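Structure at a glance
The chain contents come next:
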Amino acid sequence: MIRSLLPLALLAASATASAEWTPTAELGLVSTSGNSDTTSANGKFSLEGTDELWTHEYFLAALRAEADDVATANRLELGAKTARRLGERQYLGSAARHERDDFSAYEHQSTLALNYGAWLIKEEGHSFQLEGGPGLRHARLAEGGGSETDALLRGYADYQHQFTESTQFYNTLLVEATPENTFAQNDIGIAVSINKTLALKAGFQARHNTEAPEGVERTDTLTSVNIVWSPRPGKR
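The following paragraphs examine the structure supplied in this document. Quick caveat: nothing in here was measured; it's all calculated off a predicted structure. (Residues numbered from 1 in each chain as written. Predicted model: local features only at pLDDT ≥ 70, side-chain atom pairs only at ≥ 80, totals over all residues. Heavy atoms only, no water.)

What follows covers the overall build of the chain. Check the secondary structure of the chain and you find 1 helix and 12 strands. For the chain, buried positions account for 37% of its 236 residues. For the chain, the share of sequence-separated contacts (at least 6 apart) that also reach a separation of at least 24 residues comes to 49%. Split by element, the accessible area of the chain, about 12900 Å² in all, is 58% carbon and sulfur. (Helix = DSSP H or I, 4+ residues; strand = E, 2+ residues; numbered from the N terminus. Buried < 20%, exposed > 50% of the residue type's maximum accessible area, 1.4 Å probe, protein only. Contact = heavy atoms within 4.5 Å. Areas by Shrake-Rupley, 256 points an atom, 1.4 Å probe, with all protein chains shown as cover.)

Phi at D68 takes a positive value of approximately 55°, unusual for a residue other than glycine. Note that D68 resides in the loop between β3 (54-67) and β4 (70-85). Under the relative-accessibility criterion, D68 is labelled partly exposed at 46%. Non-glycine residue D69 carries a positive phi angle of around 65°. Relative to the helices and strands, D69 is located in the loop between β3 and β4.

Through backbone hydrogen bonds, the strands of a sheet pair up, either in parallel or in antiparallel fashion. If you walk around this closed barrel you meet the 12 strands as β1-β2-β3-β4-β5-β6-β7-β8-β9-β10-β11-β12, and the pairing is antiparallel. On average, each strand axis in the sheet is inclined to that of its neighbour by 20°, with strand direction left out of account. Where strand β1 (residues 20-32) and strand β12 (residues 219-229) come together, 3 bridges link them in antiparallel fashion. The partner of L27 across the bridge, within β12, is I227. (Pairing = 2+ DSSP bridges. Axes fitted to C-alpha atoms, helices over the stretch in contact; angles between N-to-C directions.)

On the surface, I194, L200, V225 and I227 cluster together into a nonpolar patch covering about 360 Å² of accessible area. A relative accessible area of 52% means that I194 is categorised as exposed. (Patch = residues over 30% accessible without salt bridge, like charges linked within 9 Å, V, L, I, M, F, W, Y side chains within 5 Å. Salt bridge = Lys/Arg side-chain N within 4 Å of Asp/Glu carboxyl O.)

Once that is clear, we can look at the pairing of strand β5 (residues 90-101). Among the 12 residues that make up β5, 9 are buried, leaving the element largely enclosed by the rest of the structure. Pairing analysis gives 11 bridges linking β4 to β5, with the strands arranged antiparallel. Note on β5: the bridge partner recorded for A80 is A96. Linking β4 to β5, which pair antiparallel, is a turn of 4 residues. One ladder, built from 11 bridges, connects β5 with strand β6 (residues 106-123); its direction is antiparallel.

We now examine the environment of Q205. Its location among the elements puts Q205 in strand β11 (residues 198-209). Separated by 16 residues in sequence, Q205 and G189 have C-alpha atoms that sit 8.7 Å apart. In terms of polar contacts, Q205 uses its side chain to reach the side chain of R75, at 3.0 Å. At a separation of 2.9 Å, a polar atom in the side chain of Q205 contacts the side chain of D187. (Polar contact = N/O pair within 3.5 Å; in protein donor to acceptor, adjacent residues only side chain to side chain.)

This part is about the packing of aromatic side chains. One pass over the full model with this rule turns up 5 aromatic pairs. Ring centres 6.2 Å apart and planes at 55° place the aromatic pair F163 and F169 in the tilted group. The structure contains a cluster of three or more aromatic residues connected by ring pairs, namely F128, Y159, F163 and F169. The ring of Y156 is capped by K81, whose NZ or CZ atom sits 4.2 Å from the centre of that ring. Over the face of the ring belonging to Y106 we find R137, whose NZ or CZ atom lies 4.8 Å from the ring centre. (Phe/Tyr/Trp six-rings, centres within 6.5 Å; stacked < 30°, edge-to-face > 60°. Lys NZ or Arg CZ within 6 Å of the ring centre and 35° of its normal.)

The final tally for this structure, using the stated rule, is 13 salt bridges. A salt bridge links R207 to E99; the shortest N-O distance between them is 2.5 Å. Of this pair, R207 sits in strand β11 while E99 sits in strand β5; the two residues are 108 residues apart in sequence, bridging distant segments of the chain. A salt bridge links R154 to E131; the nearest nitrogen and oxygen atoms lie 2.8 Å apart. Of this pair, R154 sits in strand β8 (residues 147-162) while E131 sits in strand β7 (residues 126-141), placing them 23 residues apart in sequence. No difference in accessibility class separates R154 from E131, as the two residues are buried. Among the charged side chains, a salt-bridge network with shared partners connects E77, R97, E99, E176 and R207.

Keep in mind that these numbers describe shape and distance, not what the molecule does.
Next up, the structure:
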């Protein structure tokens, strides 16, 4: 675990003290009782810092679900990104991600990549960002305990559109491709502001691994309605 988190610590060390930091937190809860007892919770905390040349992003996300006191989902994910701007629309940086999932084909996966990125659209209330680059991936299989270490090609896309003063649409796509497995995650949704610091967000997430052992689904989906808090208006 410590070795898996080392890339995140290296990225954290690059953060500058002069950066202006903005936290964001979101939480969703569901509980039912009667013929069946089910509970589910998902949450995410992120921190973004910027200064004249650098941007730093960190996040921690968790998902837990139970049905009749039996766990049906249990996932923890954390990651970090740092980038140095090369101008108004381009940048170079790196990204690291680590996840543990009790109901996935992999017990855990860790990735580290270098990125070149650019904003194809960068306007007030409307943006489209692309980035990609090479890296490394280490994963441990859920069955058999075998591990995989491979070269990685990472791609990321982020589209956001502020339709009205209170309504924002977002769609992000992450792809991590290796010779052994390609992981893809897409998040799409709408956030509606309640006031200057709170918003209601409805989202749909799809996660897919191209390789999975027999009896394990390759695709997981999550539909959520969360309360989001951020001191910066429009930051969801």
